[in-house]
Amino acid sequence: MMSIVLLGLTSLSLPASATVTITEIQPLKYPSVIKNLTSSTTVTVNWKGKLGGSTNATLLDNDYHQGRYLVTSDTSSPITINFFQLANEAKINLKTLRVRYKNKTYKGFPVSGLDNPGLNGEYLDIGAKMVAGKKSSEGQKYPQYTLTIEEQ
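### A short note on the confidence of the model for the protein chain
Summing up the model confidence of the protein chain, the mean pLDDT is 90 and the portion of residues at 70 or higher is 89%. Below pLDDT 50 for its whole length, residues 1-7 participates in 40 contacts with residues either more than four positions away or in separate chains.

### Structural notes on the environment of Gly113
Tracing the chain through its elements places Gly113 in strand 10 (residues 111-114). Here Gly113 falls in the partly exposed class, since its relative accessible area comes to 49%. Counting along the chain gives 35 residues from Gly113 to Pro78, while the straight-line C-alpha distance between them is 5.2 Å.

### Quick notes on the nonpolar core
Grouped together as the largest cluster of nonpolar side chains are 29 residues, with contacts concentrated most on Tyr30, Ile81, Tyr101, Leu124, Ile126 and Ile149. When contributions to this core are tallied by element, the ones reaching two or more residues are strand 2 (20-26), strand 4 (41-45), strand 6 (67-73), strand 7 (79-85), strand 8 (92-101), strand 10, strand 11 (122-132) and strand 12 (144-151). The contact partners of Ile126, leaving out residues within four places of it in the chain, are Leu28, Asn46, Trp47, Gln66, Gly67, Tyr69, Phe83, Arg98, Val99 and Tyr145.

### Notes on the environment of Asp115
For Asp115, the position within the fold is in the loop between strand 10 and strand 11. Overall, Asp115 belongs to the exposed group, its relative accessible area being 52%. Separated by 37 residues in sequence, Asp115 and Pro78 place their C-alpha atoms 5.2 Å apart. Ignoring sequence-local partners within four residues, the contact set of Asp115 consists of Ile79, Tyr101 and Lys102.

### Details of the environment of Lys129
Relative to the assigned elements, Lys129 resides in strand 11. With a relative accessible area of 23%, Lys129 lands in the partly exposed category. It is 8.2 Å that separates the C-alpha atoms of Lys129 and Ser54, two residues lying 75 residues apart in sequence. Once residues within four sequence positions are removed from consideration, Lys129 is found in contact with Tyr30, Thr42, Val43, Thr44, Ser54, Asn93, Leu94, Lys95 and Thr96.

### Describing the pattern of salt bridges
Under the definition given, this model contains 2 salt bridges. Residue Asp63 is joined to Lys29 by a salt bridge in which the shortest nitrogen-to-oxygen separation is 2.6 Å. Here Lys29 lies in the loop between strand 2 and strand 3 (33-34) and Asp63 lies in the loop between strand 5 (58-59) and strand 6, a separation of 34 residues in the sequence. With relative accessibility at 40%, the residue Asp63 sits in the partly exposed group. In this structure, Arg68 and Asp125 form a salt bridge, with 2.7 Å as the shortest nitrogen-oxygen distance. With Arg68 in strand 6 and Asp125 in strand 11, this pair connects stretches of sequence that are 57 residues apart. Residue classification places Arg68 among the partly exposed residues on the basis of a relative accessible area of 27%. Residue classification places Asp125 among the buried residues on the basis of a relative accessible area of 7%.

### Focus: the packing of aromatic side chains
Any two aromatic rings considered together are summarised by their centre-to-centre distance and by the angle between their planes. In total, this model carries 2 aromatic pairs according to the counting rule given. Considering the side-chain rings of Phe83 and Phe109, the 5.9 Å spacing of their centres and the 80° angle between planes classify their relative orientation as edge-to-face. Here the residue Phe83 occupies a position in strand 7, and Phe109 occupies one in the loop between strand 9 (104-106) and strand 10, the gap between them amounting to 26 residues. A ring pair is formed by Phe83 and Tyr145, whose centres lie 5.4 Å apart and whose planes are at 90°; its orientation type is edge-to-face. With Phe83 in strand 7 and Tyr145 in strand 12, this residue pair connects regions lying 62 residues apart in the sequence. By the burial criterion, Phe83 is buried, and Tyr145 matches it.

What counts and what doesn't
Residue numbers here run from 1 along each chain, matching the order of that chain's written sequence. Local features are withheld for residues below a pLDDT of 70 in this predicted model, meaning they are given only at 70 or higher, and side-chain atom pairs are given and counted only at 80 or more; totals for whole chains, interfaces and linings count all residues. As a convention, hydrogens and water are excluded, and side-chain values are obtained from all of the structure's heavy atoms. Note on scores: pLDDT gives the predictor's confidence for each residue, bounded by 0 and 100. Should any heavy atoms of two residues lie within 4.5 Å, those residues are counted as being in contact. The secondary structure listing takes helices from DSSP runs of H or I that are at least 4 residues long and strands from runs of E that are at least 2 residues long, numbered from the N terminus. Exposure classes here rest on a 1.4 Å probe applied to the protein chains alone. A residue is buried below 20% of its type maximum, exposed above 50%, and partly exposed in between. We define a nonpolar core as any set of buried Ala, Val, Leu, Ile, Met, Phe, Trp, Tyr and Cys residues linked to one another through side-chain atoms lying within 4.5 Å. Salt bridges are counted wherever a side-chain nitrogen of Lys or Arg sits within 4 Å of a carboxyl oxygen of Asp or Glu. For this analysis, a ring pair means two rings from Phe, Tyr or Trp (six-membered ring only for Trp) whose centres lie within 6.5 Å, classed as stacked if their planes differ by under 30 degrees, edge-to-face if by over 60, and tilted for the remaining angles.

Listed below in structure tokens is the structure:
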């Protein structure tokens, strides 16, 4: 049995005269699954919080959801979003990283020149495909990612 839990790491960019704030509403979370013995185990949770079609594992629970963050800024400067895995778990990779911001989905990072979220803020949703290689060990996994947002 393989149990997968994803921890989100966020960071802020604090230029001298402006502040961007990222508030984690919920980190990206994957369900517990039974590891495939003959091939890589793949579980996709998209930015909508739904399982993706590439999921090839038997789920042990339905405890999963997209990552959701509230982003605010005290200026009107354009922003840059970056989202990447930290590769902290052996033979576990996050792929097909997706960010949904202001009704548009982004899949190549960093993304620059985006509209500022303003003081009222905007929600940002993330999703990704988690791939556990067939030689990965069983047990709980905690693949981590970083989400950064900077004003330009």
